[in-house]
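Structural overview
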Amino acid sequence: MPTFLIPTGLFFGSILWAEIVRDLYHALAHHWTPLYRLHVWHHRVFRPDLSVATQEIYRQAHWYNDVPEALVMLSFSILFAFWAYFYQLPYHWLGWMGSLYTLSFLITAIARGLGIPNADELTDITHRPGAFTAIPQPWRVNRTYHWRHHFDNQKAYYSGTIALVDKLMGTALSLKGKTIAVTGASGSLGKSLLKYLQLQEAKVIALTSQSEPLSLEIAGNLRPVTTITWQVGQENALLDVLRSVDILILNHGVNFHQQRSPEAIAQSYQVNALSGWRLMELFFTTVKTNEDIARKEVWVNTSEAEANPAFSPLYELSKRSLGDIVTLRRLDAPCVVRKLILGPFKSNLNPVGVMSADWVAKQIVNLAQRDIRNIIVTINPLTFLLFPVKEFTQSLYFKLCTRKSLPNRETD
Ligand SMILES: NC(=O)c1ccc[n+]([C@@H]2O[C@H](COP(=O)([O-])OP(=O)(O)OC[C@H]3O[C@@H](n4cnc5c(N)ncnc54)[C@H](OP(=O)(O)O)[C@@H]3O)[C@@H](O)[C@H]2O)c1
């Protein structure tokens, strides 16, 4: 084993351990009443714009919440250091890094509790008021990420610095109470997505090109679902609906197997690429407030045809175009944009698909709750290798060769 591995592991491992302890303690505080009685002080402090209700509550909250939390982290980080010492690991003294790291939180929490001037501005960075300048980050907890713990769902978004515990617990995105609209709603995946999202307590809206209202079969019962009819080419008519939508899932698509006529080319691009792009841009214009930046998302079903052959050239061309546009536009997107990279599942569009739409939808929901930005569900192992490389290099290329575009917000 290379000699640097153990010291590096001890250094970073002890810090990561302290962070894991912090996040588990936080999650426990939301599920165990005696701890919640202390923790609730922290939740009393902030208004939705993250301004402080009163300085007195702010200071009290540190004695009841932040200081005990730092002490718990410190105790467990000392255990880590003893463990490294007990097993006489090389450079075992590096196991104390987590305790040093934790001490910095304890000292700053005490400083804030004492009301030392500017201690809050310098050290309480996830609770600073003001306009959000970034969307929730996938790994580093920023203000926008943490705002959702206070004002979206207090039983989610527990992580304080690194989003690892939220990813493992499936609390990195809460769907509860979110209004989620799905296009291609009458299709196989559309229906399955609506079902699994509703099971997560989301309020779902079916966007369909059919005129009939849709129902979902859940546990043997048919449940009607809010249905809105739209047509490709008339995306602007959905603006009012999109204002009230938290998550828009672009899922409609066609596959003109074996065709290469001008009509098939036009339809493929209209349905698979251009209408999805237009809806995404329209949705972006509805992202205006801090709350929108924190809560709104677009999920785009581009297919693994982005990276692999689908034995249907027009499908590949149009889906790759959509995928490329999403890669380009999400460099400046005002909200989170996820891609759904799916392998073959059985549906009208692909009667020989091997996975079931239900299983695929369940995986999508599960991975989204872990805040995975490129959700890959497939039986093809190559996609797990090829797609991330393609996405990373293409995104870098697009970033280097284009200039930042300012958000295009609808005017009131
Ligand atoms: N099946 C696969 O193997 C596979 C693999 C990767 C990705 N995908 C993608 O997954 C998505 C869902 O496909 P699916 O497999 O569930 O197929 P599906 O059952 O055929 O559903 C596709 C839906 O797209 C909508 N649509 C089709 N033509 C349209 C048009 N001209 N205008 C507006 N909407 C139209 C229809 O829904 P409404 O009638 O409700 O509008 C249709 O039911 C598609 O984007 C597809 O490309 C599929």
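Residues numbered from 1 in each chain as written. Predicted model: local features only at pLDDT ≥ 70, side-chain atom pairs only at ≥ 80, totals over all residues.

Notes on the site of the ligand
In the neighbourhood of the ligand, 27 residues make up the surrounding shell, with Gly184, Gly187, Thr208, Gly253 and Ser347 lying closest. Sort the elements by how many residues they give to the shell around the ligand and helix H8 (residues 188-199) lands first, with three residues. Its residues assigned to classes, the shell around the ligand shows 10 nonpolar, 17 polar and no charged. (Near = placed C-beta within 6 Å. Helix = DSSP H or I, 4+ residues; strand = E, 2+ residues; numbered from the N terminus. Nonpolar A, V, L, I, M, F, W, Y, C, P; charged D, E, K, R; others polar.)

Remarks on the nonpolar core
In this structure, Val182, Leu248 and Ile364 are the most contacted members of the largest nonpolar core, which totals 72 residues. Among the elements that line this core, the one with the most residues is helix H13 (residues 357-368), at seven residues. Residue-level mapping places this core at the junction of two domains, with at least three residues from each of domain 1 (5-129) and domain 2 (179-401). In contact with Val182, not counting residues within four places along its chain, are Gly190, Leu193, Leu194, Val204, Ala206, Leu207, Ile249 and Asn251. (Core = buried A, V, L, I, M, F, W, Y, C linked by C-beta atoms within 7 Å. Buried ≥ 20, exposed ≤ 12 C-beta atoms within 10 Å, placed from the backbone. Domains from an automatic or database assignment. Contact = placed C-beta atoms within 7 Å.)

Things to note about the domain arrangement of the chain
Under the domain assignment, the chain is made up of domain 1 (5-129) and domain 2 (179-401). Of note, the centres of domain 1 and domain 2, computed from C-alpha atoms alone, are 39 Å apart.

Looking at unusual backbone geometry
Of all residues except glycine, most have a negative phi; of all peptide bonds, most are trans. Phi is positive for Tyr91, which is not a glycine, with a value near 60°. Relative to the helices and strands, Tyr91 is located in the loop between helix H3 (55-86) and helix H4 (97-113). Tyr91 sits in the partly exposed class, given 15 other C-beta atoms within 10 Å. If you check the backbone angles, Asp371 has positive phi at about 55° while not being a glycine. The residue Asp371 is located in the loop between H13 and strand S9 (374-377) in this model. According to the C-beta neighbour criterion, Asp371 is buried, with 22 such atoms within 10 Å.

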